[in-house]
Amino acid sequence: MSVARVIVDVPSRETDRPFDYLIPPRLEGWVEVGSRVAVPFGGRTLQGIVVGLAEDASVDLKRLKELADVLDAVPPLSAELVELGEWMSRRWLCPLAISLQAMLPAALKGKTEKYITLARGAQWPADTLETYGDLKQALERHSPLKMSGLLQQFPDRADAIKKLLKAGLLEEAQKVEDRLSVRTVLTVFAPEPDALREGIAAIPARAAKQRETLEYLLAHPEPIAQQRLAEEVGTGTATIRALADKGLLELRQVEEDRDPYAGRNFPQSAPMRLTPAQAEAFAPIAGAVAERRHDVFLLHGVTGSGKTEIYLQAIQKCLDQDREAIVLVPEISLTPQMVERFKSRFGERVAVMHSRLSNGERYDEWRRIRDGRAQVAIGARSAIFAPFSRIGLIVIDEEHETSYKQEESPKYHARDVAVERARQHGAAVVLGSATPSLETYAAAIARGTAAAGARRAYAASAGEGTTALSASEDDAIRPVYVPLPERVGDRPLPGVTIVDMREELKLGNRAMFSGALADALRARLERGEQSVLLLNRRGYSTFVMCRSCGYTAQCPHCDIALTYHRGSQNLRCHYCGYAEREPSVCPSCQSPHIRFFGTGTQKVEEALSQTFPGIRVIRMDVDTTSEKGSHEKWLTQFRERRADVLLGTQMVAKGLDFPYVTLVGVLAADSALKLPDFRAPERTFQLLTQVAGRAGRHELPGEVIIQTYEPEHPSVALVRHHDYAAFTEQELGHRRKLGYPPFGRLISITLSHEQAPALIAMGQSFASKLRERASAAGLTGSNAYGAPNALEVLGPVASPIPRLKDRYRFQCMIKYRGDVDALGWTAQALQELAEAAKRTGAQISVDVDPQMML
DNA sequence: AGCACGCCGACT
DNA sequence: GTCGGCGTGCTC
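Residues numbered from 1 in each chain as written. Chains lettered and ligands numbered in written order. Predicted model: local features only at pLDDT ≥ 70, side-chain atom pairs only at ≥ 80, totals over all residues. Heavy atoms only, no water.

A.B. asks: I'd love a proper account of the protein's contact with DNA strand B, names of residues and values included.
C.D. replies: Taken together, Val10, Ser12, Arg44 and Lys838 make up all the residues around DNA strand B. The share of sugar and phosphate among atoms of DNA strand B within 4 Å of the protein is 50%. Within the contact set of DNA strand B, a base nitrogen lies 3.0 Å away from a side-chain nitrogen or oxygen of Arg44. Its residues placed into classes, the surface near DNA strand B shows one nonpolar, one polar and two charged. (Near = heavy atom within 4 Å. Polar contact = N/O pair within 3.5 Å; in protein donor to acceptor, adjacent residues only side chain to side chain. Nonpolar A, V, L, I, M, F, W, Y, C, P; charged D, E, K, R; others polar.)

A.B. asks: An account of the pairing of strand 1 (residues 3-8) is requested, with residue identities and associated values reported.
C.D. replies: Counted residue by residue, strand 1 has five buried out of six residues, so it is predominantly covered. Note that strand 1 and strand 4 (residues 44-54) share six bridges and pair antiparallel. Paired with Val3 across the two strands is Ala54, which belongs to strand 4. Inspection of the sheet shows strand 1 paired to strand 2 (residues 19-22) by four bridges, in the antiparallel sense. Of the residues in strand 2, the one forming a bridge with Arg5 is Asp20. (Buried < 20%, exposed > 50% of the residue type's maximum accessible area, 1.4 Å probe, protein only. Helix = DSSP H or I, 4+ residues; strand = E, 2+ residues; numbered from the N terminus. Pairing = 2+ DSSP bridges.)

A.B. asks: Now, about the sheet that holds strand 8 (residues 145-146): what can you tell me, with residues and values included?
C.D. replies: Pairing is antiparallel across the open sheet formed by three strands, whose spatial order is 8-7-9. With partners counted over all chains shown, the strands left at the sheet margins are strand 8 and strand 9 (170-177), one partner each. Sheet analysis places strand 7 (residues 111-118) next to strand 9, joined by eight bridges and oriented antiparallel. Within strand 9, the position partnered with Lys111 by the bridge is Glu177. Where helix 3 (residues 126-141) meets the sheet, it contacts strand 7, strand 8 and strand 9, and its direction lies at approximately 105 degrees from that of strand 7. Running over the sheet, helix 5 (residues 158-166) touches strand 7 and strand 9 and is turned about 110 degrees from strand 9. (Contact = heavy atoms within 4.5 Å. Axes fitted to C-alpha atoms, helices over the stretch in contact; angles between N-to-C directions.)

A.B. asks: Account for the protein's contact with DNA strand C, naming residues and giving values.
C.D. replies: Close to DNA strand C lie Thr15, Arg17, Phe19, Asp20, Tyr21, Pro40, Phe41, Gly42, Arg63, Leu64, Lys65 and Lys838. The sugar-phosphate portion of DNA strand C accounts for 42% of its atoms within 4 Å of the protein, the bases making up the rest. Here Asp20 contributes a backbone N or O atom positioned 2.6 Å from a base oxygen of DNA strand C. When contributions to the surface near DNA strand C are tallied by element, the ones reaching two or more residues are strand 2 and strand 3 (36-41). Tallying contributions element by element places strand 2 first for the surface near DNA strand C, with three residues. Considered class by class, the residues forming the surface near DNA strand C number five nonpolar, two polar and five charged.

A.B. asks: Any details on unusual backbone geometry? Residues and values, ideally.
C.D. replies: Cis geometry marks the peptide bond from Ser409 to Pro410; its omega dihedral reads 0 degrees. Assignment of secondary structure puts Pro410 in the loop between strand 17 (391-396) and helix 14 (414-425). The backbone phi angle of Asp322 is positive, close to 65 degrees, even though this residue is not glycine. Counting through the fold element by element, Asp322 comes out in the loop between helix 11 (307-320) and strand 14 (324-328).

A.B. asks: Give me helix 23 (residues 724-738): which residues, what numbers.
C.D. replies: Here helix 23 is 15 residues long and its end C-alpha atoms lie 21 Å apart, about the 21 Å a rise of 1.5 Å per residue gives. Among the residues of helix 23, Tyr724, Ala725, Ala726, Phe727, Thr728, Glu731, Leu732 and Arg735 are the ones counted as buried. Backbone geometry just downstream of helix 23 places Gly739 in the positive-phi region, at approximately 70 degrees. (Expected span 1.5 Å × (residues − 1).)

A.B. asks: Residues and numbers for the packing of helix 7 (residues 208-219) against helix 8 (residues 226-233), please.
C.D. replies: At a closest axis distance of 10 Å, the pairing of helix 7 and helix 8 adopts a crossing angle of 110 degrees. By the angle between their directions, the pair helix 7 and helix 8 is classed as roughly perpendicular. Helix 7 and helix 8 meet at a crossing whose hand is right-handed. Residues Lys209, Glu212, Thr213, Tyr216 and Leu217 of helix 7 touch helix 8, and the partners they reach there are Leu229, Glu232 and Val233. By residue class, the composition of the contact of helix 7 with helix 8 is four nonpolar, one polar and three charged. (Parallel < 35°, antiparallel > 145°, perpendicular 65-115°, else oblique. Left-handed = near helix turned anticlockwise from the far one by under 90°.)

A.B. asks: Residues and numbers for the nonpolar core, please.
C.D. replies: If you look at soluble globular proteins, the nonpolar side chains tend to sit buried side by side. One finds Val417, Leu646, Ile706, Ile747 and Leu791 to be the most contacted residues of the largest nonpolar core, which totals 117 residues. The contact partners of Ile747, leaving out residues within four places of it in the chain, are Cys812, Met813, Ile814, Tyr816, Ala822, Leu823, Thr826, Val846, Asp847, Val848 and Pro850. (Core = buried A, V, L, I, M, F, W, Y, C linked by side-chain atoms within 4.5 Å.)

Here it is, written out as structure tokens:
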């Protein structure tokens, strides 16, 4: 008998290794690397993934249990994806079970279900029967019963069931079940034409409908849904059933794909003629695809420069070779517009995956990919795991977007996974952005450019410092730089005005709209044009304070000010979801002078209506787009010009393209600048540049007005001339001085605990252990030239949000040069820490290459 | 992560 | 004297 090595679905570091199981004869032949199996594990039955097969000789067979089951006819993961999962676990220091789970559609996240049956032949003593007769009766009616169902029926009998199990009067069985519903449709299958004609001849003259039905099938022999056939023929399903009973046709339940885009027509679109600039950018990418080279490209194109058409044509090249393509877009720009462009070009060959699909819909799209019915996958972050087997191209649009980094474990970055996966397949990678992340950009500039002379466009300003990324760093991405510096049709970038709100105040304007913005809005209303307004804060007011005693409303579970929401009249914590009623007097001193400060999107909406009576505003933020399809609904309304203003948080900044938008207003450009995060300036610059790109994308010229209290901050000032290069140069200078990415790398380790003192002690002992190890390894100590240390351990310090969901948080940061093996080193240290943490009840969370410092 | 086994307080 | 609290330890 052979042996399967299984990663069980327990997301803990202690069980993060393969466990060996015997493959029983009945399952022989069904088990492969990547199979999903059910295994007995410590007294229960769990889902697991087979990561290896061994011959019996190599393992000690005596103590092995057998696999309980193989859960799918076709393994959901390929050996290649299992390998990718192992790579991810090393790269982001997370248990393999978690990496593997991330690659499966949610529908295949197996759940252990317990079933209860009456023990066969067991005699119930009279007194037991008296007390627990109702349980016995329930099980006599239906058996086996789900434990969960039984508990629902008898909520207070949990202990009783346990007792009866122990006494051997009840028995328990466990099964791993999918969270899955495959929709089936009753489908009619026609027999061979000859049989069909015989059937028609045999039908009595008065059964006209039956005859018609068979005649229809003779003309249309392909399988058809019973319902549909009945409609076509103009009869009821009874006719069809009658025919089935006679054996004249076959009726079967057939699994149906839930097509989330069913009933929508996507007019076929032909490739557009590329502009000379597009063609120049396209050439090296197409070349790499044609030659099946694993090259990575940074396609740096300003907003409106036509990157998408380049993606589409590169994908076509890839399909022509009978290879497959993955396109990642940020969740937020996975709008109908984007999907439509891909569906129009590639039709049925496109599978779409995003979070708004139900588990079932997503599973169906996933199966279309796996079964080879789709060759292009477009989706958010997790689409990088699309189960293709011959990938030729991976595109990551808006490469700089933070949503590519998953904030929960596995804390992977889809961009890095993409490059690794492409390497496995010999596929090309295109990273597209108008505002590339500094990491990608610096690496590309360091490597050089594909097109001669292109480097001039951006490179000079980036400075020599960008080469600081260590050349020996083996997992560093080194993209070929492909600039696309002009907008299609030579449309100019919109003019940008920066308004200093301090000056407005001096002029006596205390409103949230500056004179310039108010005038510009009014002009759009008069001309019937549209505007987009950005304010990156939802809710009505951002904090609540008592003017008598200084009390501020804080979340009782987090160290965070509560935000006032107008619609629901409550105060809410945006981190844990806590809500309380709006106070009318100060909860602390009962003074009526409790006031709401700070501006959120709700308040702007109100101010718009007051300032411009009759204005039609669509507000888009987390609060108005939580419903399925609402995002799409608002955008459609806006496109159809049923509103004058689209007001929202950063979700209005990305990827939208409306011809009548001629004004973009940013209400508080500096709102994110004060955050304690070294990427805050980069993010602000990116957000402002992106939102500015929403204006004037078609015939009408665009205008951008940015309100700020910090007009001279580079993140704001340099947006004025869309000066990515100048901003980048400055910012890279700062990063270099501080040893931040891309000049150094970070691993953040956050410890959390319900009690602060225990946490502080633990944090300190952990940090000093790390430091000891580092110095023992000769990694610390500044060198004689004042160059940064190879590795530094910073902290522990309280996290920027010191308490979240009733847990205190402390963090350590490991800052290191790219040529140091900090991952292996940290993994070891964590192993030790994990043991200590378990005793004290602390939680550890590791973030390799953190994107958010909060 | 759970579920077992194992040692100390409030009940029959 | 028993039921049950949840503290450590293991799971092929």
